[in-house]
Structure formats: C-alpha cells, structure tokens
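# Architecture and fold: a report
Residues per chain, in single letters:
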Amino acid sequence: MTKLWCTLSEFDCINAVTTNADMQIPIISIFAKNNIGRLAIALFSGVGAGLIVVFLFFWLPSTYAAFCALGLIAPFFAVIVADTKRLLWAVLTICLPVTVDITINHSLFPEITIPAFCLLGFVTLSIIPSRYIHYSIYEIIELIKFYLAFLYLANALKNKEDVLFIIKIFMLCLLFEGLLGWAQHRYDEPFFPTALGGPAWIDSRVKGTWVSYNDFAWYLTLFLPLSVSMLFSSMKPVYKLICFLALASGSAALLWTRSRASWISFAAATLFVILMVFPKIKSKKSLINTFLAIIAVLILILPLYPRIYSKIYGRFTGSDKGSAQSRIPQFQVAFNIIQANPISGVGINTYSEIMGGYDDTNMGIETITRYPVHNIFLHIASEIGVLGLCAFIWFIAAIFRAGLSYIFLKQNVLTYVVIGLLAGILAHMVHGLFDTEAIGDKLFMFIWFFAGIIMAISRIERV
C-alpha cells in the first residue's frame, strides 16, 4: 500500500490511499474537504440555483415559478435539518392556509360526465358481490383519480397553445421511447432504471420504459396515430420533423415488440387517420406535399421491406408457444363468470382471484396462467356486469361523438389533434380485443387523458 501526499494549502493536506484494487478518492471529495473548495462549490451552486430561479420567474407565471423555486430550495433545507420527518410536517401545516387556483369551477362536460358517472356507479356497486373488497376499493380509487384528471385537463387547457404544448411533449416522449426501444433491440440491455419502473431485463422483445413488452406495445399504439395525424397539420416544420422522427422510431420499436395485437390495432388506427385526414385536404399544394411525403416514406421503407415482411409473416405464422390457443379457454372462463353474474359481476379487480372457481376447461387454464381473459370487454363484463360494460361502451361512444362532431365542423391544427387522439383510443379498443388490461390500470388512464384534451378543444372553440 502506497501513500501519496499532496499539499492543497499551507494548512490542509489530503492523504490519498491507493490499493491493489485501484481504489481512488474522487476529486470532488478532495475539493470539498478544502475550505476554498467548499466556498467554490457553494458559490457555483448558489449562482446556478439563482439563474434557474430567474429563468423560472421569467418563463412561468409568478405563482408556479414561486412553487418551483421552493422545490429547488427544499433539498438544501432537508440536508440542513436533521429531522426531515418533522420538516415535512411543518411544510404541510404551513401550506394549509395557502390558496392556489387549483379549484375546478367551470364546465363538468355532461356529455362525458354522465356516462362516466354511470360507469363509476356500476364499478362501485360491484363491491357488493366482491370477495376481495380491499382490491375493489383500490381500483375504484384509481378510476376516481382518472375522472378527476379528465376534469382538470378539460378545464385547465385554455387555448390552442396549451393544447399544442401537450402534443409536443407527447411526441418527445414517443421519440424517446422509440430511441430507447432501438437501443434495447441493438444491445439487449434495458438502459432504463428499474427504480423508475423500467424493465429488469431485455430478451428478444423490447420494452421501453415499461416492465412488459405488451404494455409498451399498447402505449405505442396509443401515440403513433397522433404522430401520423400531426404530419398533415399546419405545425411548424421543426415540429413536423419531430413527429416524423417519433413515428419512425416508434414504428420500429413497435415492430420489435413482436406484438401481433399492436400491429393490427395500429393498422386500424392508421386507416382511421387516413379516412379523416384526406377529406380535409383542399388545396393543390397540400395534396402535392402529402403525395411527396408518402413517396419519401415509401422510399425509406422499401429497402427494409423484406426484413419487415419476414418478421411480421413469421410472427403470424410461426409458433407462439400456445399463446393464441390459450385465448379460447380464457374466453370460456369469462363467459362462465358472466353467465353466473350477469348484473353485478364478481367485483372490480377480483377476476384473477376468482377465475379458478369458474374454470371448467379441459386444459385447466387457471393452473397454466393467472392472467385474466385477454379481452377488455369480457373482462369488464365479468367484473362489473353487463350493464357496467354498456356504461363503458357509452363512455367511449360519447368521446367519439364529441371528437367526430369537432372534426366534421372545424378545419384547423386542433382538428388533426382530435383525429390523432380518437385514432389512439380506437387503437386501444382494437388492441383490447386480444390483450388484457384492467379498467383501473395505467394504460386506461390515457383514455381519460385524451378525453380531457378533446373536451378542452371543444370548449376552447366555444369561448
């Protein structure tokens, strides 16, 4: 073991110890132990924090900038104060009399709220037959959160710029997920921490920031139609470029998920976008630009066509280890549950717990997989009854009615937003014919989010 001495000042010196394992003390630690170093760190940190605060107050409204500045300062207080638990109690107590404009006191959007309340009503009534009430209550709370998010978003977006800001964030997220999917496909590594909900490993199917490749594929089919639709809008070229890159990378990631349901749903959503968009093209210039864009895309795709075709053809015709065949006994179990509990269902969020009691299939599907039936409509009918399923279909139909009314009456950039959002919801429903997702799970939150944006756009035009 060798000792190396270095004089940092007349009074301070640091003993840096190295071993055979090449252990080294970080330079920042040496720097921080010196008085001048500590002063420099404090100075640069203070200047940096100050610049961020100035930027926040320049860019954001003063109320939100103040809260962001407090959030920036909070970690320093947490370091200084020894008892962080009491610090949290103090902050919560101090904030009680603070009033911020977060109260929703505008429209309740009865065209969406009424079917949503009916859906929530049937979900709540499903507690009565539920054998696992704590599971059901959890799911009900999630649905109430989804509705409140819808209500807030529908009222909080005030103008076209607010809506387009959300859409730009959507596209940046889609671009990130697509690039992450490419990296996972290329290197078979997650490249996203599990602490943030990322996948623990990558095999032959990419997962993005999601734990499951099926959920990742479902997410992609929600947002890819929006990227297609916005290419036809009057957004600035730089934003259209982002949409195109998001579409290209996201489509590649969708291919690498090897999810047949997502491929079918994306095709259906793209067809919907085309049917809605092309009647909106009036001028010759727009028609020519659209034609040239399609030609450019085809030129880019044609060299990859053999590989894409072989991958898709092989996935549909090759062995899937009994995945598709297992759907049939799952449907049989679901029909048994619905037949025995047609009105109230068996209770929201309890399907996996009770399915064994209704499994009379020859293969005993419950002993092979604990996943619910791979069809969201049968899943909903099983848990909250046939009337609850009707309320859900009414809710989705109400969203489409509001969106289509806007599409047929308006011709602006927000029209293409609505087209893309409706196409995403359509993709979700088509995907749900072949996959499983509980009505209170994360992916269903996007439906409420999209509905909030659509109703906000309708309200903006009425103002």
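One structure accompanies this document, and this report is about it.

### Overview of unusual backbone geometry
The backbone of D188 sits at a positive phi, close to 55°, despite the residue not being glycine. Mapping D188 onto the fold places it in the loop between α7 (160-187) and α8 (213-230). Under the relative-accessibility criterion, D188 is labelled partly exposed at 44%. At N349, a residue that is not glycine, the phi angle is positive and equals roughly 70°. Structurally, N349 is set in the loop between α13 (327-340) and α14 (351-354). Taking the relative accessible area as the measure of exposure, N349 reaches 24% and is therefore partly exposed.

### A look at α7
Helix length check: α7, at 28 residues, gives a terminal C-alpha distance of 41 Å against a target of 40 Å (1.5 Å per residue), a fit within 8%. The opening residue of α7 is N159, an N-cap whose side-chain oxygen sits 3.2 Å from the backbone nitrogen of E161. A positive phi of about 55° marks D188, the residue just after α7.

### Let's talk about the packing of α8 against helix α17 (residues 413-431)
Two elements in contact, α8 and α17, have axes whose closest approach is 7 Å; the angle formed by their N-to-C orientations is 155°. The angle between α8 and α17 places the two elements in the roughly antiparallel class. When the axes of α8 and α17 are compared, the crossing they make is right-handed. Of α17, the residues touching α8 (which contributes N214, A217, W218, T221, L222, P225, L226, S229 and M230) are V413, Y416, V417, I419, G420, L421, A423, G424, A427, H428 and H431. Here the residues of the contact of α8 with α17 sort into 13 nonpolar, seven polar and no charged.

### Digging into the packing of aromatic side chains
Inspection of the entire model under this criterion finds 22 aromatic pairs. Taken together, a centroid distance of 6.5 Å and an interplanar angle of 65° make the contact between F150 and W448 edge-to-face. Pair noted here: F150 is in helix α6 (residues 133-156) and W448 is in helix α18 (residues 442-462), with a separation of 298 residues, a long-range link. Of the residues examined, F150 reaches a relative accessible area of 1% and is grouped as buried. Owing to a relative accessible area of 3%, W448 belongs among the buried residues under this scheme. Where F223 meets F446, the ring centres are 5.4 Å apart and the plane angle is 90°; that geometry is what we call edge-to-face. With F223 in helix α8 and F446 in helix α18, this residue pair connects regions lying 223 residues apart in the sequence. There is no split in this pair, since F223 and F446 are both buried. Taken together, the ring pairs connect F170, W210, Y219, F223, F446, F449 and F450 into an aromatic cluster. The lysine or arginine in question, K168, covers the ring of Y239, its NZ or CZ lying 3.9 Å from the ring centre.

Rules used in this analysis
Here the residue index of a chain counts from 1 through its sequence in written order. For this predicted model, a pLDDT threshold of at least 70 governs which residues receive local features, and a threshold of 80 or more governs which side-chain atom pairs are given and counted, while totals over whole chains, interfaces and linings are taken from all residues. The side-chain figures draw on all heavy atoms in the structure; neither hydrogens nor water molecules are used. Helix numbering and strand numbering both begin at the N terminus, where a helix is a DSSP run of H or I of at least 4 residues and a strand a DSSP run of E of at least 2. Categorising residues by exposure relies on relative accessible area from a 1.4 Å probe, with only protein chains included: less than 20% of the type maximum marks a residue as buried, more than 50% marks it as exposed, and the intermediate range marks it as partly exposed. Take the residue count of a helix, subtract one, and multiply by 1.5 Å to get its expected span. Two N or O atoms form a polar contact when they lie within 3.5 Å of each other; inside protein one atom must be a possible hydrogen donor and the other a possible acceptor, and for residues adjacent in sequence the pair counts only when both atoms belong to side chains. Each axis is a line fitted through C-alpha atoms, and for a helix only the stretch in contact is used; angles between axes span 0 to 180 degrees, taken between their N-to-C directions. In these notes the angle categories are as follows: under 35 degrees is roughly parallel, over 145 is roughly antiparallel, 65 to 115 is roughly perpendicular, and the rest is oblique. A clockwise turn of the near helix away from the far one marks a right-handed crossing, whereas an anticlockwise turn of less than a right angle marks a left-handed crossing. Whether two residues touch is decided by their heavy atoms; if any such pair falls within 4.5 Å, the residues are in contact. Residue type decides the class: Asp, Glu, Lys and Arg count as charged, Ala, Val, Leu, Ile, Met, Phe, Trp, Tyr, Cys and Pro as nonpolar, and the leftover types, Gly among them, as polar. In summary, the pairing rule links any two rings of Phe, Tyr or Trp, Trp by its six-membered ring, whose centres are within 6.5 Å, and it sorts them by plane angle into stacked for under 30 degrees, edge-to-face for over 60 and tilted for everything else. Working rule: Lys NZ or Arg CZ, within 6 Å of ring centre, within 35 degrees of ring normal, means a charge sits over the ring.

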